[in-house]
Amino acid sequence: MQQVKLLSADERLIFSLSGEIDAATSEDFYAQVCAAYEHDKKDVTFDCAALTFIDSTTLGTFVKILKKLKSDGHEMVLDKVRPNVKKLFEICSLNTIMEIR
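All figures in this text were calculated on a predicted structure; none of them were measured in a lab.

1. Some words on the overall build of the protein
Each helix and strand counted, the protein has three helices and five strands in total. For the protein, the N- to C-terminal ordering of α and β elements is β-β-α-β-α-β-α-β. The globule rule puts the C-alpha radius of gyration for 101 residues at 13 Å, and the 12 Å found for the protein is close to it. Expressed as lengths along the three principal axes of its C-alpha atoms, the size of the protein is roughly 30 × 30 × 20 Å. Expressed as a percentage of the 101 residues in the protein, the buried residues total 41%. Accessible surface, the protein: about 5,500 Å² in total, of which carbon and sulfur atoms supply 51%. Charge separation in the protein, taken as the distance between the mean sites of 13 positive and 16 negative side-chain charges, equals 3 Å.

2. Considerations on the environment of Ala-49
Looking at the element boundaries, Ala-49 is found in strand β3 (residues 44-54). On the accessibility criterion, Ala-49 (35% relative accessible area) is partly exposed. Linking Ala-49 and Leu-17, residues 32 residues apart in sequence, is a C-alpha distance of 7.5 Å. Setting aside chain neighbours within four positions, we find Ala-49 in contact with Asp-79, Lys-80 and Arg-82.

3. Observations regarding the packing of helix α1 (residues 26-39) against helix α2 (residues 56-71)
Two numbers describe how α1 lies on α2: the axes approach to 10 Å, and their chain directions differ by 15°. The angle between α1 and α2 falls in the class roughly parallel. When you trace α1 past α2, the crossing you get is right-handed. For the pair α1 and α2, contact is made by Ser-26, Phe-29, Tyr-30, Val-33, Cys-34, Tyr-37 and Glu-38 and by Thr-57, Thr-58, Thr-61, Phe-62, Lys-64, Ile-65, Lys-68 and Leu-69, respectively.

4. A word on the pattern of salt bridges
What the rule picks out here adds up to eight salt bridges. A salt bridge links Asp-43 to Arg-12, with the nearest nitrogen and oxygen atoms 3.9 Å apart. Of this pair, Asp-43 sits in the loop between α1 and β3 while Arg-12 sits in the loop between β1 (2-8) and β2 (13-21), placing them 31 residues apart in sequence. Owing to a relative accessible area of 24%, Arg-12 belongs among the partly exposed residues under this scheme. As a salt-bridge pair, Arg-101 and Glu-99 come within 3.4 Å of each other at their nearest N and O atoms. Judged by relative accessible area, Glu-99 falls into the partly exposed class, the value being 39%. Beyond isolated ion pairs, a larger network of salt bridges with shared partners links Glu-38, Lys-41, Lys-68 and Asp-72.

5. A look at the packing of aromatic side chains
In this structure the tally under the stated criterion is five aromatic pairs. Between Phe-15 and Phe-46, the ring centres sit 5.6 Å apart and the planes meet at 25°, which makes this aromatic pair stacked. Of this pair, Phe-15 sits in strand β2 while Phe-46 sits in strand β3, and the two are 31 residues apart along the sequence. Members of the aromatic cluster, each reached through a chain of ring pairs, are Phe-15, Phe-29, Phe-46, Phe-62 and Phe-89. Of note, Lys-64 hangs over the ring of Tyr-30, and the distance from its end group to the ring centre comes to 4.1 Å.

Reading the values: rules and limits
Residues numbered from 1 in each chain as written. Predicted model: local features only at pLDDT ≥ 70, side-chain atom pairs only at ≥ 80, totals over all residues. Heavy atoms only, no water. Helix = DSSP H or I, 4+ residues; strand = E, 2+ residues; numbered from the N terminus. Rg over C-alpha atoms; globule rule 2.2 N^0.38 Å. Buried < 20%, exposed > 50% of the residue type's maximum accessible area, 1.4 Å probe, protein only. Areas by Shrake-Rupley, 256 points an atom, 1.4 Å probe, with all protein chains shown as cover. Lys, Arg positive; Asp, Glu negative; His and termini not counted. Charge placed at Lys NZ, Arg CZ, Asp CG, Glu CD. Contact = heavy atoms within 4.5 Å. Axes fitted to C-alpha atoms, helices over the stretch in contact; angles between N-to-C directions. Parallel < 35°, antiparallel > 145°, perpendicular 65-115°, else oblique. Left-handed = near helix turned anticlockwise from the far one by under 90°. Salt bridge = Lys/Arg side-chain N within 4 Å of Asp/Glu carboxyl O. Phe/Tyr/Trp six-rings, centres within 6.5 Å; stacked < 30°, edge-to-face > 60°. Lys NZ or Arg CZ within 6 Å of the ring centre and 35° of its normal.

Given below as structure tokens:
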């Protein structure tokens, strides 16, 4: 089960991600993030401390979100990414186009 929660919208949109985001849930994840972003266009940070699993579909979803933000002049940060999740970004060299901490 995945959870997307908007924690803050002060200086930037901060989303807490938890559980698993995969092919079955990535569209919902994208829709929730885009709805919040369209309402209040700001830089976005994903707090990934409780995110336990993603798949290749989710990697693509992060790329779609990044493209949307960059086209508006905003940035995206993935923060507190667990090593097993970070490894997927590195295997696909996505760590070269997005900030992952």
